[in-house]
Amino acid sequence: VSATELAKEALAACRSAQGALNAFTAFDEAKTMAMAKASDERLARGEGGLLEGAPLAIKDLFAVEGVSTTASSNILKGFKPPYESSVTQSWWDNGGVFLCKTSMDEFAMGSSNETSNTGPVNNPWKGAKGETLTPGGSSGGSATAVAADLCFGATGTDTGGSIRQPASFTGTVGVKGTYGRTSRWGAIAFASSLDHPGPFAKTVKDGAMLLQAMSGHDPKDSTSLPNEVPDFVAACGRSVKGLRIGVPKEYRVDGMPDEIEQAWQQGIEWLKAAGCEIVDISLPHTKYALPAYYIVAPAEASSNLARYDGMRYGNRVEGKDLTETYEKTRASGFGTEVQRRIMIGTYVLSAGYYDAYYLRALKVRTRILQDFDQAFEKVDAILTPSAPSAAFPLGSKSNDPIAMYLNDVFTVTANLAGVPAMSVPAGLDKDGLPLGLQIITKALDEETMFTVGAALE
Ligand code: GLN
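Residues numbered from 1 in each chain as written. Predicted model: local features only at pLDDT ≥ 70, side-chain atom pairs only at ≥ 80, totals over all residues.

The chain carries the name Glutamyl-tRNA(Gln) amidotransferase subunit A in an unreviewed UniProt entry, which gives Maricaulis salignorans as its organism. For the record of the chain, the UniProt heading Sequence similarities (unreviewed entry) holds the text "Belongs to the amidase family. GatA subfamily." Per its UniProt entry, the chain bears the Function (unreviewed entry) comment "Allows the formation of correctly charged Gln-tRNA(Gln) through the transamidation of misacylated Glu-tRNA(Gln) in organisms which lack glutaminyl-tRNA synthetase. The reaction takes place in the presence of glutamine and ATP through an activated gamma-phospho-Glu-tRNA(Gln)." (UniProt positions renumbered as here; feature names shortened; annotations may be inferred.)

Student: Help me out: how do you make sense of the overall build of the chain in this one?
Tutor: Helix and strand counts for the chain come out as 15 helices and eleven strands. Relative to a compact globule of 457 residues, whose C-alpha radius of gyration would be 23 Å, the chain shows 21 Å and is just as compact. If one aligns the C-alpha atoms of the chain with their principal axes, the spans along those axes are about 65 × 65 × 50 Å. Put simply, the chain has 457 residues, and 56% of those count as buried. In the chain, the proportion of contacts linking residues at least 24 apart, taken out of those at least 6 apart, comes to 77%. (Helix = DSSP H or I, 4+ residues; strand = E, 2+ residues; numbered from the N terminus. Rg over C-alpha atoms; globule rule 2.2 N^0.38 Å. Buried ≥ 20, exposed ≤ 12 C-beta atoms within 10 Å, placed from the backbone. Contact = placed C-beta atoms within 7 Å.)

Student: Would you mind going over the pairing of strand β7 (residues 244-248) with me for this structure?
Tutor: Looking along a regular strand, one sees side chains alternate from face to face of the sheet. Sheet topology places β7 next to strand β8 (residues 277-281); five bridges connect them, and they run parallel. Residue pairing for β8: Pro248 is matched across the bridge by Ile281. On the question of chirality, the crossover connecting β7 to the parallel β8 by way of helix α8 (residues 258-273) is right-handed. Of the strand pairs in this sheet, β7 and strand β9 (residues 381-385) are connected by two bridges, and their pairing is parallel. Note on β9: the bridge partner recorded for Ile245 is Ala381. (Pairing = 2+ DSSP bridges. Right-handed = clockwise from strand over helix to strand, strands pointing away.)

Student: Just to check I follow, could you spell out unusual backbone geometry for this structure?
Tutor: Backbone phi values are negative for most residues with the exception of glycine, while trans is the configuration of most peptide bonds. Of note, the amide linkage connecting Gly137 to Ser138 takes the cis form, showing an omega dihedral of 5°. Assignment of secondary structure puts Ser138 in the loop between β3 (97-102) and α4 (140-147). Positive phi outside glycine occurs at Ala108, with the angle close to 70°. Assignment of secondary structure puts Ala108 in the loop between β3 and α4.

Student: What am I meant to see in the site of the ligand here?
Tutor: In the vicinity of the ligand, 14 residues are found, and the nearest of them are Ala108, Ser111, Thr159, Gly160 and Ser162. Residue composition of the shell around the ligand, grouped by class: four nonpolar, eight polar and two charged. (Near = placed C-beta within 6 Å. Nonpolar A, V, L, I, M, F, W, Y, C, P; charged D, E, K, R; others polar.)

Student: Hey, could you run me through the confidence of the model for the chain in this one?
Tutor: Do not read the fine detail of predicted coordinates wherever pLDDT is low. Put simply, the chain has an average pLDDT of 97, and 100% of its residues get 70 or more. Of all the helices and strands in the chain, helix α13 (residues 401-405) carries the lowest mean pLDDT, 92, while strand β2 (residues 55-59) carries the highest, 99. Across the whole predicted complex the pTM is 0.98, and at the interface the ipTM reaches 0.98. (pLDDT = per-residue confidence, 0-100.)

Student: Help me out: how do you make sense of the environment of Arg15 in this one?
Tutor: Among the structural elements, Arg15 can be located in helix α1 (residues 3-21). Assessed through the 14 C-beta atoms surrounding it within 10 Å, Arg15 is described here as partly exposed. Distance in space between the C-alpha atoms of Arg15 and Leu150 is 9.8 Å, their sequence separation being 135 residues.

Here is the structure:
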């Protein structure tokens, strides 16, 4: 099929699935069709790029020129950026075709995609009794679009697990590279030192291709890495024989369903059978990761979100003077969870509490990094579950922030340390719901992550 036919079909499929999934926040048919036409012209000249003609869904956190970009927040309603994010530009430079924007938790804060201003996204997988389930979050719309076969791949961002947890909940592959491997420029900031743009895909090899096509140095992002990007796709075909796989005892948490433990054990057995050496390891500071994350992330968010003052972008609610305009704009524009994060963030950064909270959390962060450094002297990759449960029903945790935050228990460590991590599908539980396994490697070693990921597929 031509890129034009593919784009047309993909648009129609997304539109007809929208009622059931509520995964999309914006389309721009003229843009999609123009990009598909340009792709066909390149193909006719024999010039196809890595993603030539592939329809791609974009989390609403990424600026796409001329297309509504709101981070699923009312405060950005109506904002159409006059510029393109670096990551999406790289995908287009590789021949990708813009298909749609996808829903997310507001400003990427959440684990269930229930805080979007366009309402919850429905996981294409249903519960045993037909319950509607969350696709996970915050990149739930992107995970859903890939899981429902509506696009070739999708962007996500992972600040504490927002690619890996929804990948696990939807039976897709979710990848984040080393911090700085993919540019943050033009991706709306949540917590800048933790934000990692990355892809969702159906297979590990597709995930490698999509990460490849969005990686590389970007002078517009001061934390972008200057390093050469290795051939991630080639890494998917390599043998795992002789690789040392670490199994951290601290990831065996109370209350984790037996089936997750079993899926983990199964993964260990497979890798052993393929010639890996399994090594018991310890990451002793793991138990402090979640509290540290929920200090560092809100602290950075409170600073990043200060820019939404009703003057520069999106919505404005006029007050009697400037201060009241700020207050009214922010009070009505931000949802409850975002307001909670801003309050926590400003509190932990305030003069009286900075040392007790923020500074301590930074020290924990260093300890977590050291845990990984020590582990990677002994092993090449670490295998853990991606999330402590399978997808849960909509609404079941939305009134309990702590229960929601606990979803991130296995994923936040890799963000705090900036090391690559991915989730690969690991079979189904007794209710027929997908589970995921996480592979973590040392900084800049995405290749080993993809080698192990492909072996587990
Ligand atoms: N669930 C985590 C949070 O709410 C992670 C979100 C993310 O990775 N963007 O902060």
